[in-house]
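The chain contents come next:
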Amino acid sequence: MCQVALGWGSTDDDKDHTRMTAPTSADASSGHRARFADPEHDDLDDVVETEALGLAASGSAWSDLGRLLRRRLDTTGFAGLPGFLRADAVRSLDAEFDRLLDVVDVTPARRTATAGAVTAGSTTSAWRAGHITRDMIPAHSLAQRLYVSPRCKELIAAATGLDRVFEYADPIAGLVVTVVPPGGCYGWHLDHTDVVVTIAIRVAEVGGVLEFCPPGEPDPATAAIQPVRSAVGDLQILRGGTCLHRVTEVGGDDTRLTLVLGYADRPGVIGEPDRTRRIYGRVTEAHLLAGARR
Ligand SMILES: O=C(O)CCC(=O)C(=O)O
């Protein structure tokens, strides 16, 4: 079995079987074509509600919509786009992420708002949440296709007033799923990037609400906190670098799942090793090498 998976020592029958379970990117003979994440291709009609949102037209439709969102983002720090993902795409992502939940670590922790080192005088908040990281999400996942798509980047760049945004070069961050189980929460924090893009995949029956403070407000105890109530498939853009935000305690039986897309304003961004370890519990060689170069 192992030999078949590795692609050597297999019979012709084994090879045919392997092709059925792991389709190649273009298999003209069978008509079976898996679509892989590829920044040279931007067909998202099977992922996004392109018709309903007026995004099916070629040209500047995605950046036009982004500019519309920017007005709201600039005023309040937040902009939402209800019904962004197709219902069948949400179902497919929910099932895909559900299969990974057994290996997600949700050990409780206390963290500072910037995931810095916790010292005796630090202000911290409670976390009980985990992540499905980028390296756990396969290349043919709709999530990876959305993340690398030039259309999606156009939308986010226009919404944030940048000429262009870039995928993280980080092997585990940039594209993650926040996993908040019943009784869990995602504490008050600021992100490392200006904005964070989230898409609700599974919402909590009770609680599990994304809340944020107005831009620059340093203290949730005195700030006018804004709740965001999302339905599955909704897209949210939050100025997470300047608006403190959290996810309140999840009630009921369901684990809350949110797809998080982080883009950088320059290519090659990789998270700092210490911060990465605190948030995701591990690093990769790329983090260590980038950390040593800093
Ligand atoms: O899960 C969410 O809705 C929010 C995630 C979040 O706060 C973040 O990724 O910075």
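Everything below is about the structure printed above this text.
Predicted, not measured: the structure shown is a model, and the values here were computed from it.

### Structural notes on the overall build of the protein
Looking only at helices and strands, the protein has eight helices and 16 strands in total. Buried positions account for 35% of the 294 residues belonging to the protein. At a minimum sequence separation of 6, the contacts of the protein that also span at least 24 residues come to 79%.

### Notes on the site of the ligand
Close to the ligand lie Thr178, Tyr186, Asp191, Val196, Thr198, Leu210, Gly240, His245, Val247, Thr258 and Val260, which account for all nearby residues. In the shell around the ligand, the residues fall into five nonpolar, five polar and one charged.

### Here we look at the sheet that holds strand β1 (residues 78-81)
Taken in spatial order, the six strands make up an open sheet running β1-β12-β8-β15-β6-β4, and their pairing is antiparallel. Strands with a single pairing partner mark the edges of an open sheet, and in this sheet they are β1 and β4 (130-132). Ignoring strand direction, the axes of neighbouring strands in this sheet form an average angle of 25°. Note: strand β8 (residues 196-202) against strand β15 (residues 256-261), five bridges, orientation antiparallel. Across the sheet, Thr198 pairs through a bridge with Val260, a residue of β15. Along the sheet face, helix α3 (residues 61-76) touches β1 and β12 (235-238) and points at about 145° away from the line of β1.

### A closer look at unusual backbone geometry
One can expect most non-glycine residues to show negative phi and most peptide bonds to be in trans. The phi angle at Ala115 is positive, at roughly 55°, despite the residue not being glycine. Secondary-structure assignment places Ala115 in the loop between β2 (109-111) and β3 (125-127). Exposure remark for Ala115: the 23 C-beta atoms within 10 Å place this residue in the buried category.

### Some remarks on the sheet that holds strand β10 (residues 210-212)
The antiparallel open sheet is built from four strands, whose spatial order is β7-β13-β10-β11. Edge positions in the sheet fall to β7 (186-189) and β11 (226-228), since each of these pairs with one other strand and no more. Strand-to-strand twist across the sheet, computed as the mean angle between neighbouring axes with direction ignored, equals 20°. Alignment of β10 against β11, held across three bridges, turns out to be antiparallel. In the sheet register, Leu210 faces β11, and the bridge partner there is Val228.

### Things to note about the environment of Val250
Structurally, the position occupied by Val250 is in strand β14 (residues 250-251). Its 25 C-beta neighbours within 10 Å are what place Val250 among the buried residues. Put simply, Val250 and Val209 are 41 residues apart on the chain and 7.9 Å apart in space, counted from C-alpha to C-alpha. Val250 has contacts with Val180, Pro181, Pro182, Gly183, Gly184, Cys185, Ala204, Gly207, Gly208 and Arg256, leaving out every residue within four places of it along the chain.

### Some remarks on helix α4 (residues 87-98)
Taking 1.5 Å of rise per residue, 12 residues should cover 16 Å, and α4 covers 16 Å from first to last C-alpha, within 8% of that figure. Within the span of α4, buried status applies to Ala89, Val90, Leu93 and Phe97. All buried residues of α4 lie within an arc of 100° about the axis, which places them on one face of the element. Facing away from the buried side of α4 by over 90 degrees, the exposed positions are Ala87, Asp88 and Ala95. Those residues of α4 that are buried are in contact with β4, α5 (142-148), β6 (175-180), β8 and β15.

Conventions used here
- Residues numbered from 1 in each chain as written.
- Predicted model: local features only at pLDDT ≥ 70, side-chain atom pairs only at ≥ 80, totals over all residues.
- Helix = DSSP H or I, 4+ residues; strand = E, 2+ residues; numbered from the N terminus.
- Buried ≥ 20, exposed ≤ 12 C-beta atoms within 10 Å, placed from the backbone.
- Contact = placed C-beta atoms within 7 Å.
- Near = placed C-beta within 6 Å.
- Nonpolar A, V, L, I, M, F, W, Y, C, P; charged D, E, K, R; others polar.
- Pairing = 2+ DSSP bridges.
- Axes fitted to C-alpha atoms, helices over the stretch in contact; angles between N-to-C directions.
- Expected span 1.5 Å × (residues − 1).
- Arc of directions from axis to C-beta.

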